[in-house]
Structure formats: C-alpha cells, structure tokens
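Coordinate inspection notes
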Amino acid sequence: MLFLLGVLFFAVCMIIQSIALHRRAFGRSLYISSMMFLVSGIIALSPERVSGLLARIFLAVSWGFLLFMTWQSLRRFVLARNSRAS
C-alpha cells in the first residue's frame, strides 16, 4: 500500500513538473529523480549492514529532491500565471 502511494505521489509530482517546467528542464529532473531512486534500490540489495543506512539516506535525498523540484515548479507556474493576469 505504501509503495502504491509513493508511485502515485511520484506520478502527481511528475505531472506538475511537466506542466510548469521547460521540456529540457523536466527531462533533467525526471532523469535525476529516477536515477536517485534506482541507486537507492540497488544499494538496498547489498547484504552489508551499512547498505540499509545508505539506502535510506539516498531514498530521503531522492524524495527531498522530488519535493524541491515540485515546489519550484508550482512557484514558477503560479508566478507565470500571475504575471499574465496583470
């Protein structure tokens, strides 16, 4: 259930970013976000004890980056919309 909520949240964030960002900026954001989640998953597969900690750190940084880019996209979208209205 938590995984499905995470996928849904990721999809919503990507939709917001695709609307607000330039195509090239959105592509970079999508690539970086996806690779960070992939790297955290690959690290989690390691049998070492420290890999669990590193995977959680990478996962937290991945979600942080995703939220930051979504926040910047929303800001950009609202500012662009307000400048067109005035």
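The text that follows walks through the structure, step by step, so that each part is easy to find. (Residues numbered from 1 in each chain as written. Predicted model: local features only at pLDDT ≥ 70, side-chain atom pairs only at ≥ 80, totals over all residues. Heavy atoms only, no water.)

1. Thoughts on the packing of helix α2 (residues 23-44) against helix α3 (residues 49-85)
For any two helices packed against each other, one specifies the inter-axial angle together with the distance between the axes. To keep it simple, the criterion reads: Axes here refer to lines fitted to C-alpha atoms; in helices the fit is confined to the stretch in contact. Angles between the N-to-C directions go from 0 to 180 degrees. Helix and strand definitions follow DSSP, with helices as H or I runs of at least four residues and strands as E runs of at least two, each counted in order from the N terminus. We call two directions roughly parallel when the angle between them is under 35 degrees, roughly antiparallel when it is over 145, roughly perpendicular when it lies between 65 and 115, and oblique otherwise. Handedness of a crossing is defined here by the sense of rotation of the near helix relative to the far one, left-handed for an anticlockwise turn of less than a right angle and right-handed for a clockwise turn. Should any heavy atoms of two residues lie within 4.5 Å, those residues are counted as being in contact. Residue classes follow a fixed rule: Ala, Val, Leu, Ile, Met, Phe, Trp, Tyr, Cys and Pro count as nonpolar, while Asp, Glu, Lys and Arg count as charged, and any other residue, Gly among them, counts as polar.
With their axes 8 Å apart at the nearest point, α2 and α3 run at an angle of 165° to one another. Put simply, α2 runs roughly antiparallel to α3. Pair α2 / α3 crosses with left-handed handedness. Contact residues: α2 offers Ser29, Ile32, Ser33, Met36, Phe37, Val39, Ser40, Ile43 and Ala44, while α3 offers Ser51, Leu54, Ala55, Phe58, Leu59, Val61, Ser62, Trp63, Phe65, Leu66 and Met69. For the contact of α2 with α3, the per-class residue count stands at 15 nonpolar, 5 polar and no charged.

2. Describing the packing of helix α1 (residues 2-20) against α3
Two numbers describe how α1 lies on α3: the axes approach to 9 Å, and their chain directions differ by 35°. As for the relative orientation of α1 and α3, their crossing is left-handed in sense. In this structure, α1 contributes Gly6, Phe9, Phe10, Cys13, Met14, Ile16, Gln17, Ile19 and Ala20 to the contact, and α3 contributes Trp63, Leu66, Leu67, Met69, Thr70, Ser73, Leu74, Arg76 and Phe77. A breakdown of the residues in the contact of α1 with α3 according to their chemical character gives 13 nonpolar, 4 polar and 1 charged.

3. Here's the deal with the packing of aromatic side chains
To keep it simple, the criterion reads: Side-chain rings of Phe, Tyr and Trp, where Trp is taken by its six-membered ring, are said to pair if the distance between their centres is within 6.5 Å; with planes under 30 degrees apart they count as stacked, over 60 as edge-to-face, and otherwise as tilted. Partly exposed residues are those whose accessible area sits between 20% and 50% of the maximum for their type, while under 20% is buried and over 50% is exposed, using a 1.4 Å probe and protein chains only.
Using the criterion set out here, one finds 3 aromatic pairs in the structure. Both rings, one in Phe9 and one in Trp63, keep their centres 5.8 Å apart while their planes meet at 40°; by these two values the pair is tilted. Separated by 54 residues along the polypeptide, Phe9 in helix α1 and Trp63 in helix α3 bring together distant segments of the chain. Between the aromatic rings of Phe10 and Phe37, the centroid separation amounts to 5.7 Å while the plane-to-plane angle is 85°, which identifies the pairing as edge-to-face. With a gap of 27 residues between them, Phe10 in helix α1 and Phe37 in helix α2 connect regions that are remote in the sequence. With relative accessibility at 21%, the residue Phe10 sits in the partly exposed group. Three or more aromatic residues joined by ring pairs form one cluster here, namely Phe9, Phe10, Phe37 and Trp63.

4. Digging into the side chain of Ser29
Test applied: For this analysis, a polar contact is any N or O atom pair within 3.5 Å, provided that within protein one partner can donate a hydrogen and the other can accept it, and provided that sequence-adjacent residues contribute only side-chain to side-chain pairs.
On the secondary structure map, Ser29 appears in helix α2. There is a polar contact of 2.5 Å between the side chain of Ser29 and the side chain of Gln17. Excluding residues that lie within four positions of it along the chain, Ser29 makes contacts with Gln17, Phe65 and Met69.

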